[in-house]
4 protein chains.
Amino acid sequence: MEFNKQTVRTIIFEADTPAGKAFDVWLIVLILLSVAAVMLDTVDEIHAKYGTWLYAAEWIFTIIFTIEYGLRLWCIQNPGLYARSFYGIVDLLGILPTYLSLWLAGSQYFLVVRVIRVLRVFRVLRMVRYVGEAELISQALLASRRKITVFVCSVLALVVIFGSLMYLVEGGNNPGFASIPDSIYWAVTTMTTVGYGDITPHSPIGRGLATIIMIMGYGIIAVPTGIVTLELNEANRRRANTRTCPACSAEGHSREAAFCWRCGQHLFREVAPAQAPTDDKTG
Amino acid sequence: MEFNKQTVRTIIFEADTPAGKAFDVWLIVLILLSVAAVMLDTVDEIHAKYGTWLYAAEWIFTIIFTIEYGLRLWCIQNPGLYARSFYGIVDLLGILPTYLSLWLAGSQYFLVVRVIRVLRVFRVLRMVRYVGEAELISQALLASRRKITVFVCSVLALVVIFGSLMYLVEGGNNPGFASIPDSIYWAVTTMTTVGYGDITPHSPIGRGLATIIMIMGYGIIAVPTGIVTLELNEANRRRANTRTCPACSAEGHSREAAFCWRCGQHLFREVAPAQAPTDDKTG
Amino acid sequence: MEFNKQTVRTIIFEADTPAGKAFDVWLIVLILLSVAAVMLDTVDEIHAKYGTWLYAAEWIFTIIFTIEYGLRLWCIQNPGLYARSFYGIVDLLGILPTYLSLWLAGSQYFLVVRVIRVLRVFRVLRMVRYVGEAELISQALLASRRKITVFVCSVLALVVIFGSLMYLVEGGNNPGFASIPDSIYWAVTTMTTVGYGDITPHSPIGRGLATIIMIMGYGIIAVPTGIVTLELNEANRRRANTRTCPACSAEGHSREAAFCWRCGQHLFREVAPAQAPTDDKTG
Amino acid sequence: MEFNKQTVRTIIFEADTPAGKAFDVWLIVLILLSVAAVMLDTVDEIHAKYGTWLYAAEWIFTIIFTIEYGLRLWCIQNPGLYARSFYGIVDLLGILPTYLSLWLAGSQYFLVVRVIRVLRVFRVLRMVRYVGEAELISQALLASRRKITVFVCSVLALVVIFGSLMYLVEGGNNPGFASIPDSIYWAVTTMTTVGYGDITPHSPIGRGLATIIMIMGYGIIAVPTGIVTLELNEANRRRANTRTCPACSAEGHSREAAFCWRCGQHLFREVAPAQAPTDDKTG
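Residues numbered from 1 in each chain as written. Chains lettered and ligands numbered in written order. Predicted model: local features only at pLDDT ≥ 70, side-chain atom pairs only at ≥ 80, totals over all residues. Heavy atoms only, no water.

Student: Can you help me understand the overall build of chain A in this one?
Tutor: Counting its secondary structure elements, chain A contains 13 helices and zero strands. Buried residues in chain A amount to 51% of all 283 residues. Put simply, of all contacts in chain A between residues at least 6 apart along the chain, 52% involve residues at least 24 apart. Surface summary for chain A: the accessible area is close to 13,000 Å², and the carbon and sulfur share equals 67%. (Helix = DSSP H or I, 4+ residues; strand = E, 2+ residues; numbered from the N terminus. Buried < 20%, exposed > 50% of the residue type's maximum accessible area, 1.4 Å probe, protein only. Contact = heavy atoms within 4.5 Å. Areas by Shrake-Rupley, 256 points an atom, 1.4 Å probe, with all protein chains shown as cover.)

Student: Sorry if this is basic, but what is going on with the pattern of salt bridges here?
Tutor: Note on pairing: side chains with opposite charge can pair once their charged atoms come close. Applying the stated criterion to the full structure yields 16 salt bridges over all chains. A salt bridge links Glu68(A) to Arg72(A), with the shortest nitrogen-to-oxygen separation between them at 2.6 Å. Residue Glu68(A) and its partner Arg72(A) are located together in helix H3 (residues 44–75), separated by four residues, close to a single helical turn. In this structure, Glu68(A) and Arg72(A) share a single accessibility class: buried. Two residues, Arg72(D) and Asp91(D), come together in a salt bridge whose shortest N-O distance is 3.8 Å. Of the two residues, Arg72(D) is situated in helix H3 (residues 44–75) and Asp91(D) in helix H5 (residues 86–103); the sequence distance between them amounts to 19 residues. A single burial state applies to Arg72(D) and to Asp91(D), both of which are buried. The network of salt bridges with common partners includes Glu68(A), Arg72(A) and Asp91(A). (Salt bridge = Lys/Arg side-chain N within 4 Å of Asp/Glu carboxyl O.)

Student: What is the right way to look at the confidence of the model for chain A in this model?
Tutor: Note: predicted coordinates in regions of low pLDDT should not be interpreted at a detailed level. Residues and elements named next belong to chain A. Averaged over every residue, the pLDDT of chain A is 79; residues scoring 70 or more account for 78%. Per-element confidence in chain A is highest for helix H10 (residues 180–191), whose mean pLDDT is 93, and lowest for helix H13 (residues 279–282), whose mean pLDDT is 38. Counted against residues more than four places away or in other chains, residues 269–283, with its pLDDT under 50, gives 27 contacts. Interface predicted TM-score (ipTM) for the complex: 0.80; the corresponding pTM is 0.83. (pLDDT = per-residue confidence, 0-100.)

Student: Would you mind showing me how to read the environment of Pro175(B) here?
Tutor: For Pro175(B), the location among the structural elements is in the loop between helix H8 (145–170) and helix H9 (180–191). For the pair Pro175(B) and Ile199(B), spaced 24 residues apart in sequence, the C-alpha separation works out to 8.5 Å.

Student: Is there a simple way to explain the domain arrangement of chain A in this structure?
Tutor: Assigned domains of chain A: these are domain 1 (5–130) and domain 2 (143–237). Its C-alpha centre places domain 1 of chain A at a distance of 38 Å from the equivalent point of domain 2 of chain A. (Domains from an automatic or database assignment.)

Student: In this structure, what is going on with empty space enclosed by the protein? I would like to understand it.
Tutor: The rolling of a water-molecule-sized probe over the atoms marks out the regions of remaining empty space. As enumerated under the stated definition, the model contains seven cavities of 30 Å³ or more in all. Its boundaries defined by the atoms lining it, the largest cavity holds a volume of some 240 Å³. Along the wall of the largest cavity there are 21 residues; nearest its centre are Thr193(A), Ile221(A), Ile221(B), Ile221(C) and Ile221(D). Elements supplying a minimum of two residues to the lining of the largest cavity: helix H11 (204–220) of chain A together with helix H10 (204–220) of chain D. Across the lining of the largest cavity, the residue classes tally to eight nonpolar, 13 polar and no charged. (1 Å grid on protein atoms, 1.4 Å probe; cavity = no way out; pocket = protein on both sides within 12 Å on 5 of 7 lines; lining within 4 Å. Points joined across faces, edges and corners; volume = space filled by probe spheres on them. Nonpolar A, V, L, I, M, F, W, Y, C, P; charged D, E, K, R; others polar.)

Student: Could you clarify how one ought to interpret the packing of aromatic side chains in this entry?
Tutor: Geometry of an aromatic ring pair is reported as the spacing of the ring centres plus the angle between the planes. For the structure on display, the rule yields 19 aromatic pairs over all chains. A centroid spacing of 6.3 Å and a plane angle of 20° characterise the contact between Tyr218(A) and Phe151(B), whose relative ring orientation is stacked. Within this pair, whereas Tyr218(A) is found in helix H11, its partner Phe151(B) is found in helix H8, the two belonging to separate chains. A single burial state applies to Tyr218(A) and to Phe151(B), both of which are buried. (Phe/Tyr/Trp six-rings, centres within 6.5 Å; stacked < 30°, edge-to-face > 60°.)

Student: What should I look at first to understand the environment of Ile212(D) in this one?
Tutor: Within the secondary structure layout, Ile212(D) lies in helix H10. For the pair Ile212(D) and Met191(D), spaced 21 residues apart in sequence, the C-alpha to C-alpha distance is 9.5 Å.

Student: Can you help me understand H11(A) in this one?
Tutor: Between the first and last C-alpha of H11(A) there are 24 Å, a value that for 17 residues agrees with the 24 Å anticipated at 1.5 Å per step. Gly206(A), Arg207(A), Leu209(A), Ala210(A), Thr211(A), Ile213(A), Met214(A), Ile215(A), Gly217(A), Tyr218(A) and Ile220(A) are the residues of H11(A) that are buried. (Expected span 1.5 Å × (residues − 1).)

Student: Looking at this structure, I do not really get the packing of helix H2 (residues 18–41) of chain D against H3(D). What am I missing?
Tutor: Residues and elements named next belong to chain D. Contact geometry for H2 and H3: axes closest at 9 Å, N-to-C directions at 145°. Between H2 and H3 lies a crossing of left-handed hand. Note on element contacts: H3 touches H2 through Ile46, His47, Gly51, Leu54, Glu58, Phe61, Ile64, Phe65, Glu68 and Arg72, opposite Phe23, Leu27, Leu30, Ile31, Leu33, Ser34, Ala37, Val38, Leu40 and Asp41. Residues that form the contact of H2 with H3 fall into these classes: 13 nonpolar, three polar and four charged. (Axes fitted to C-alpha atoms, helices over the stretch in contact; angles between N-to-C directions. Left-handed = near helix turned anticlockwise from the far one by under 90°.)

Student: Help me understand the nonpolar core, please; the structure alone is not making it clear to me.
Tutor: Inside soluble globular proteins, nonpolar side chains tend to come together where they are buried. In terms of nonpolar packing, the biggest core is built from 223 residues, with Trp186(A), Ile180(B), Trp186(B), Trp186(C) and Trp186(D) touching the most fellow members. Excluding anything up to four places from it in sequence, Trp186(A) contacts Met166(A), Phe177(A), Ile199(A), Thr200(A), Pro201(A), Ala210(A), Ile213(A) and Tyr196(B). (Core = buried A, V, L, I, M, F, W, Y, C linked by side-chain atoms within 4.5 Å.)

Student: Help me understand helix H5 (residues 86–103) of chain A, please; the structure alone is not making it clear to me.
Tutor: For the α-helix, the turn length of 3.6 residues means that residues three or four positions removed from each other point alike. Residues and elements named next belong to chain A. End to end, H5 covers 26 Å across 18 residues, agreeing with the expected 26 Å (1.5 Å per residue, within 8%). Its maximal kink placed at Leu96, H5 deviates by approximately 35°, while the proline Pro97 follows within four residues. Taken together, the buried positions of H5 are occupied by Tyr87, Gly88, Val90, Asp91, Gly94, Ile95, Pro97, Thr98 and Ser101. (Bend = angle between axes of the 7 residues up to and from the residue.)

Student: Where do I start with unusual backbone geometry in this structure?
Tutor: Located in the positive-phi region is Thr193(C), a residue other than glycine, with phi close to 60°. On the secondary structure map, Thr193(C) appears in the loop between helix H9 (180–191) and helix H10 (204–220).

Student: Help me understand a nonpolar patch on the surface in this model?
Tutor: Residues and elements named next belong to chain A. On the surface, Tyr55, Leu92, Leu96, Leu100, Leu102, Trp103 and Leu104 cluster together into a nonpolar patch covering about 700 Å² of accessible area. In terms of residue count, the dominant contributor to the nonpolar patch is H5 (five residues). Structurally, the position occupied by Leu96 is in helix H5. According to the relative accessible area criterion, Leu96 is partly exposed, its value standing at 34%. (Patch = residues over 30% accessible without salt bridge, like charges linked within 9 Å, V, L, I, M, F, W, Y side chains within 5 Å.)

Student: Any chance you could explain the packing of helix H1 (residues 5–13) of chain C against helix H3 (residues 44–75) of chain C here in plain terms?
Tutor: Two measures define how a pair of helices packs: the angle their axes make with one another and the distance between the axes. Residue and element names in this part refer to chain C. H3 packs onto H1 with a crossing angle of 125° between their chain directions and a minimal axis gap of 9 Å. As far as their axial angle goes, H3 and H1 are oblique. H1 and H3 meet at a crossing whose hand is left-handed. From H1, Lys5, Val8, Arg9, Ile12 and Phe13 reach across to H3, where they touch Leu71, Arg72, Trp74 and Cys75. Residue composition of the contact of H1 with H3, grouped by class: six nonpolar, no polar and three charged. (Parallel < 35°, antiparallel > 145°, perpendicular 65-115°, else oblique.)

Student: I tried to follow the environment of Ala222(B) on my own but got confused; where do I start?
Tutor: Relative to the assigned elements, Ala222(B) resides in helix H11 (residues 222–240). The sequence separation of Ala222(B) and Cys260(B) amounts to 38 residues, and the corresponding C-alpha distance is 37 Å. Ignoring any residue separated from it by four or fewer positions in sequence, one finds Ala222(B) in contact with Pro224(C), Thr225(C) and Val228(C).

Next comes the structure, spelled out in C-alpha cells:
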C-alpha cells in the first residue's frame, strides 16, 4: 500500500478499512494511556517514584500526537477548516501544553490541560458504530434544549430563594450559612440530592425548610426525566418511520398510517386492492 | 419616536419590537445584577471592602426599578389590576424593602433590616415573566397535581412511620435520634437519597432499617418520574392531536397532515375537493 | 336529623353529605394533631415544659377516637368484619396504646411504654382512607410488582457482592469496613446514591470500586423508573379506552381501532357508510 | 418414586413438579443461609462467640452443595457442558473455597483464606437461576446497551475534565483534592449525586464549579432513564405486536385480537371463513 494523501486520509479519518480500524484502536489506547499518565503524575508518591518515566512517556505521547496532528493537517483537503474545527482545536490543545511547559517551566498546574485529550476519544467513538446511538441521544437533548433551560432556570430560582431563606433562618448561629452564596451552595447540594453534609441545618425551622427542599428536589427530578424520555420517544418515532410516500415521497408516516398525510396516496402497494379497505382509491 | 403611553406600553409590556427586546434584555441584566449585589453583600469580606459601593448600587437599582414600576402603572390602561396582579406585587416587593430599610435603620431592628434586605433577592421571581417555554411542563405538572399530592402524602406517611421506628431503635443510644422530629428529618434525608450523614444509624438493627428506607426511596423515585412522563406525553399528544378525521374520526394526525392516515379522507373542508388528489372520495 | 344507625353510618362512612364531609375533615385534623402531639412529646424541652398538657391532650384524643371506634362498630351492619378489616385494626391500634400504658406504667416497663406511645404515630395510616386518587398509581405498582421484585433482588445481589469485595479491599485498614454487613450497609448507601459519608473508602482500589458502584447505581435507577413509567402508561391506556363494541361489548380497543378486535364489528355507527372506508361491511 | 437419573434430573433441573418446586425452595433457603453465615462470620463479636458453630455450619452447607453438584453432574446427559456453563462454574465456585481453605490453612496465607472464605458469598449468584421474570428488563438493557455505553463514556469524560479542573482550583489548599485521581473520585461522588462529603470544595470558585457539576448530574440522570424507558416500551410493544394484518398489514393488535382493528380483516387464517363474522371480506 503506497504512502499517499489518499491512503493516509482513509486510515486516519475513516474506520471502515482494517488499517483504519487498527489506527482507531491504537489511537484510543494511546489517548487513554496519555491521560492516565497525566493523572498519575499528580499523585505525589507516584510522581516521586516514577516522575522521570512519566515525563519521558509524556514526551513520547506528545511527539506521536504531534506527528498524527501533522498528518491530519497534511492529508486533509482543507487544513484550515480542520484546524478551526472542534476536534482540530482539541487535538492542538492535547499537544500544546507539553511544548509550552518548556518555556513556562515550573507551573505543573498548567500541564493538567493535557487531560483535555480525553475528548479525543469521542472522535474515534464517533467514527465507530456508536454514532447512531449518540446522535439519537444528542437529538433528544437538542430537542429538549429549551425545556431543559427553563427547568434549570426554575431550579436556580428556587435555589436562590430557598438559600436566602435558609440564610435568614440559620445564618445567625450556623457558620455553614454565614452568607447567601454559602446558603445557595447548600441549597444546591440539597435540591440535587447530593447532600455532602459539610453544611447542615441545626435549628428546627431550618430542618423543616430543608425537608421541604429535599422533597421538592426529590420530586422535580421527574421533570427533566420526563422531558428527555418524551424527546427520545419523538426522535425514535421519527427515525422509525422511514416509509416514504410513493407519490410525493413525504416522510414521517406513523406506523399505522395507510395513506400519505400529504397527498392522500395509498401507502401499501403490495396489498391486493381487493383486500384493501379502500380499493376505490387505488383501483 | 415620540414619548406617549402607547409607545411606552409597547416597549415595556411587549417584546416583539426591537425597543421592547432591548428593554427586556436590560431589565433581565439589571435584575440579575441587583440580586448578585444582595448576595455578595452578605459575604463579610466583601461587605467590609465594598459595602458602601454595594449600598450605592442598591439604591441605583431601587430607583431604576421604581421608575420602571411607575411607568408600568402609568402606561397601562388598568393600573389597579396590574398592581394587584402577581407580577405587580412581585415588582413592588422588589423595591419596597430598600425604602423600608430607611425607616427601620435602627440597630435594634437589625434582624428586620437583614430580612428585608435579603427579601430583595425575590426580584429573581421577576424573571418568571421570561420563561414562556414552560407551558408544556406546567401543563404536565398541573395535570399530575393530584397524583403528585398523593405521592407526597404517601412519602410523608412513610417518613413519619420509619422515623418513629428509628427513634425506637436508635433513640436510646444515638444523640442524632434524640426525638421523633429529628428521626423524621433523618428519614427524609435518607428516603430522598440526599443523605447528609449528619445523623446516621449505629446499631445493626438501625442500619438494617436504614437499608430498607434507602432501597424504598431509591425505588419510589420512579413514581413521580413515571407520573410526569405520562402527563408530559399526554400534554404533548393533546397538543398534536387536536384534529380528527371527519370520515372515520381517526386521531393522531401530525400537525401538517392534509389527509387522514387511515381512510385517506381530505382533512381540510375549506380546500376545494378539485385541488385535493382524493376528490373522488369527498366528491 | 334524628340520631339512628343509618344517619351515623352515612356521616361516618360516607363523604358525599355535608355532614360526612365535615366529619372527615375534623377527623383528619384530629389525627394530624394527635400525631403531632406524640412527636413533640419526644422532644425533651417540650416534654419538660408541656408534658402534662400533651398527656391531657393525648387522653382527650384517645377518648374521642374510642368513641368514634365505638360508633363505627355500633352503626355498621357487620361489626366483626369491620373489626378484622385493615382499617378496623388500624383504628384499634390508634387507641389501644394509650390504655395499655396505664397497665404497664411501671418504670421497669419504660421502654415498652415508650414503644407503645410512639406506635400511636401509626394513626397517620388512618389517612390512607382519604387518598382515593392513588388507584392509578397503585394499579401501576401492582402491575410492575414482579418486575420491581426482580430489580430489588438484583440490587441486593449486587450489593452483597460489592460489599464483600469492599470488605476484602478496605477491611484490613478501614474500621468502617470491619465486617461484611457493614460493607453491605455502605454498598447500599452508595448504590442508592444516598451517600452518608459515615463510611468511605480510603485506598485507591477501594475508591475505584466505589466509583464503579456509584456509576452503576446512578445508571440502574433508570430501571424501576422505566418499569413504573411503562406500567403507568399501560394503566392509563387501558383506562382511556372505555369504548365497547356494540355487538359483543368487548373492551380495550386502541384509540385508532375501527373494528372490534373480537368480533370484527365496525365500531363507528355515527359515520355515514358512504364516507367509511369499509362500507362493504356495514352496508 | 424410584431413584434414577430421570427422576433426579426432573427434580433438580425442572420446577414444575411438586418435588422440583420443593427442591428449589430448599436450595434457595440453603443458599441464603450459607451466605448469611459467611457474612456473620466476619463480625468479630459473632465470630468470637459462634465461630465454631458457623465453621460447622459452613462444612454442612459445603457438603450438601457438593452432593447437589455431584448429582447435577451425574444425572445430566452432558456433564462437561454443564460444568463449563455459567451455572456450573458458579455452583463449583460455591463449594471450592471451603475445600481450598483446608490446604491454605497456614496463618501466613491468612489473607488468601479470608478472600476465599468471603468469595463463598458469590453463592448468591446461584439465585440468578430463579429470576426468570427478568427477560423483559434484560431485553431492554441489552437493546440500550450501546446507548448506555455512550452515556457512561460521556459521564466518564465529564468526570475526568471536571475532576482535573477541581484539582486546578482546589488542589493547592484542599488536601481532599491533592491529586487528579482524588478529584475525579470526588467528581464521581458529586455527579452521581452520592455526595459522601468526605471531600468537599472550600473555595468560592470550587463551590461554583461543584454547583455546575451537581446540576449537570441532577439533569443527565434523565438520559439513562429516558433510554431504558424507551427500550422497555419498544420491548413491550414488540412483544405485543408480533402480528400484522394479512390484508392491510396493520400492526398493534392486542394479544387476544381476532380481527384487524383497522380493516376488520379476520386475523387467523386457520379459522374457517364460515365461522368468521367477516367471511364476506375474506371469501
